[in-house]
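# Residue-level structure breakdown
If you want the building blocks of each chain, they are given just below.
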Amino acid sequence: MWGGRFASGVDAIMEAINASIGFDRRLYAQDIAGSRAHAAMLAAQGIISTKDAEAIREGLLTVLSEIEGGNFPFRTALEDIHMNVEARLKEIIGEPAGRLHTARSRNDQVAVDFRLWVRDQCDQAIEAIEALIRALVAQAEAGADWVMPGFTHLQTAQPVTWGHHMLAYAEMLGRDMGRFRDARARMNECPLGAAALAGTSFPIDRHATAAALGFDRPTANSLDSVSDRDFALEFLGAASICAMHLSRFAEELVIWSSAQFRFVRLPDQWTTGSSIMPQKKNPDAAELIRAKIGRILGANVALFTVMKGLALTYSKDMQEDKEQVFDAADSLMLALAAMTGMVDKMTANREVLAVAAASGFSTATDLADWLVRTLGLPFRDAHHVTGSLVKMAEDKGCDLPDLSLAEMQSVHAGITEDVFTVLGVENSVRSRQSYGGTAPDQVRAQIARWKERLA
């Protein structure tokens, strides 16, 4: 494949380390799409004949059919997807195939192929995240007024609603969706036509190929076009953050589905049993989702490490840019699909949630707020009075609403019977009417906002 420059063949080990066809064959559809656009442009510019362009177009469609049908003879000796396609094209149509590589290099060819592939992955990620958000919104709507404990430090903090908790993850995932959209918009410039690094002397039309491939515009600098992979890094960054959010939710599902919590029941199809303990129902899907962040974040670090020391422009190091991105994309899509399946079918245990919401002095903040609002105490004084009442209840083995008015007045004489209106968990969540708060009315307003956004 190297023509007259090399007199001897490639060593077997060199062939093994140099070849990328084992993984970059995944770019076949993008490679063929790029070649079709390039050939059409060459003909339109009078650089190759219309007859040759038509032969190339038909030949590439044959190659595409062979690959999709599983009948394509991939060859390691041809190194990569580009040369495998071109060699097969020559076998099919003969001499016109040699004109396809006019005015381009494998450097801009792989840049456009990879960019097209990552762009497709952004689209798929956005679609998968949206499906998960829809499942979360459905859960939120079903339990907009179901009380449950809200936690800080995994300690009971204040009562919230199930719907509010579900929408917290919808908000995180909504930002993830935005990150993928932003990344897609930035990467939507076409590097094809940058050639090896300096552009080409042929009168090509880069705007035509960019438009044909769905890009907004051609890239503006040929050196940058072939030498950066920031679009892949940005995809991995967005994927890492999204996977982190999935991992946090997965951790909660692992905890919530345990016998000690019993907050949720996970569907059978998303759990497994034990080989020796027949009572077990393990949240394996959630645990595996929780672990995916390791692979995805690892891919991010790996590609940063590959790119960090490369002088302009292309170096063979950049062949190591794809495998980790492929793996990260696969891992993210699998995690999103699994989480969507679990959220769609899981059942919240409303009664257990309500009991847990009322435990752990969860309305102590409501009591402190009442002391400020009704008695005019400075918040720090109200905090001290409330802490004393919590200590009293703890010593008596009861919760705050179980203290008598006389007991409360022994700590602060100004407390009245009205205090009991704020101590119930239902009263607590209803009072949180600030925008974005946990009050059922606020939750339903956010559900309506999400429905409108998803529509």
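Report on the accompanying structure. (Residues numbered from 1 in each chain as written. Predicted model: local features only at pLDDT ≥ 70, side-chain atom pairs only at ≥ 80, totals over all residues. Heavy atoms only, no water.)

Okay, the overall build of the chain next. Secondary structure assignment for the chain yields 18 helices and 6 strands. For 455 residues, the compact-globule estimate of 2.2 N^0.38 gives 23 Å, and the C-alpha radius of gyration of the chain, at 30 Å, exceeds that figure by more than 25%. Dimensions of the chain along its principal axes, counting C-alpha atoms only, are 100 × 55 × 40 Å. Across the 455 residues in the chain, those meeting the buried criterion constitute 49%. Look at the contacts in the chain between residues 6 or more apart in sequence, and 74% of them connect residues 24 or more apart. Carbon and sulfur atoms make up 53% of the accessible area of the chain, which amounts to about 21,100 Å² in all. Charge centroids of the chain, computed over 46 positive and 58 negative side chains, lie 2 Å from each other. (Helix = DSSP H or I, 4+ residues; strand = E, 2+ residues; numbered from the N terminus. Rg over C-alpha atoms; globule rule 2.2 N^0.38 Å. Buried < 20%, exposed > 50% of the residue type's maximum accessible area, 1.4 Å probe, protein only. Contact = heavy atoms within 4.5 Å. Areas by Shrake-Rupley, 256 points an atom, 1.4 Å probe, with all protein chains shown as cover. Lys, Arg positive; Asp, Glu negative; His and termini not counted. Charge placed at Lys NZ, Arg CZ, Asp CG, Glu CD.)

If you add up the space inside the largest pocket, you get close to 410 Å³. The wall of the largest pocket is formed by 17 residues, among which G150, F151, T152, H165 and E252 lie closest to the centre. Elements supplying a minimum of two residues to the lining of the largest pocket: β1 (147-152), β2 (155-161), α7 (162-187) and α10 (230-256). Looking at the lining of the largest pocket element by element, the count peaks at 5 residues for α7. Among the residues making up the lining of the largest pocket, the classes are represented as 8 nonpolar, 6 polar and 3 charged. (1 Å grid on protein atoms, 1.4 Å probe; cavity = no way out; pocket = protein on both sides within 12 Å on 5 of 7 lines; lining within 4 Å. Points joined across faces, edges and corners; volume = space filled by probe spheres on them. Nonpolar A, V, L, I, M, F, W, Y, C, P; charged D, E, K, R; others polar.)

This part takes up α10. Over its 27 residues, α10 extends 39 Å from the first C-alpha to the last, a length consistent with the 39 Å expected when each residue adds 1.5 Å. The buried fraction of α10 amounts to 21 of the 27 residues, a majority that puts the element mostly inside the structure. (Expected span 1.5 Å × (residues − 1).)

So, on to the pairing of β1. Inspection of the sheet shows β1 paired to β2 by 6 bridges, in the antiparallel sense. Paired with T152 across the bridge in β2 is Q155. Once β1 ends, the chain turns through 2 residues before running back antiparallel as β2, passing H153 with a positive phi of about 60 degrees. (Pairing = 2+ DSSP bridges.)

The next thing to look at is the nonpolar core. Ranked by size, the top nonpolar core spans 102 residues in total, and within it W162, F180, L246, F249, W256 and M339 carry the most contacts. Per-element tally for this core: the top contributor is α10, with 16 residues. Core analysis: the second largest hydrophobic core is formed by 20 residues, V385, I415, V419 and L423 among them. (Core = buried A, V, L, I, M, F, W, Y, C linked by side-chain atoms within 4.5 Å.)

As a further point, take the environment of M307. Summarising the element assignment, M307 is placed in helix α11 (residues 284-307). What M307 contacts, discounting residues up to four positions off in sequence, is S227, D228, R229 and M318.

Once that is clear, we can look at the packing of α10 against α11. Between α10 and α11, whose axes approach to 8 Å, the crossing angle comes to 160 degrees. Here α11 runs roughly antiparallel to α10, going by the angle between their axes. The handedness of the crossing between α10 and α11 is left-handed. Counted by class, the contact of α10 with α11 contains 18 nonpolar, 4 polar and 3 charged residues. (Axes fitted to C-alpha atoms, helices over the stretch in contact; angles between N-to-C directions. Parallel < 35°, antiparallel > 145°, perpendicular 65-115°, else oblique. Left-handed = near helix turned anticlockwise from the far one by under 90°.)

Within the secondary structure layout, F180 lies in helix α7. Taking relative accessible area as the criterion, F180 reaches 0% and is therefore assigned buried. The spacing of F180 and V226 is 46 residues in sequence and 22 Å in space, taken between C-alpha atoms. Contact partners of F180, with chain neighbours within four places excluded, come to C122, A125, I126, I129, F235, A238, A239, C242 and L332.

Next up on the list: a nonpolar patch on the surface. On the surface, L197, L223 and L312 cluster together to form a nonpolar patch covering roughly 270 Å² of accessible area. By the secondary structure assignment, L223 is in helix α9 (residues 222-227). (Patch = residues over 30% accessible without salt bridge, like charges linked within 9 Å, V, L, I, M, F, W, Y side chains within 5 Å. Salt bridge = Lys/Arg side-chain N within 4 Å of Asp/Glu carboxyl O.)

Turning to its location among the elements, D108 is positioned in helix α6 (residues 106-142). Here D108 sits buried without a salt bridge, and the closest side chain of opposite charge, R104, lies 6.1 Å off (N-O distance). A distance of 2.8 Å separates a polar side-chain atom of D108 from the backbone nitrogen of S105. Every residue in contact with D108, bar those within four places of it in the chain, is listed here: P191, L192, G193, A194, A195 and V226. (Polar contact = N/O pair within 3.5 Å; in protein donor to acceptor, adjacent residues only side chain to side chain.)

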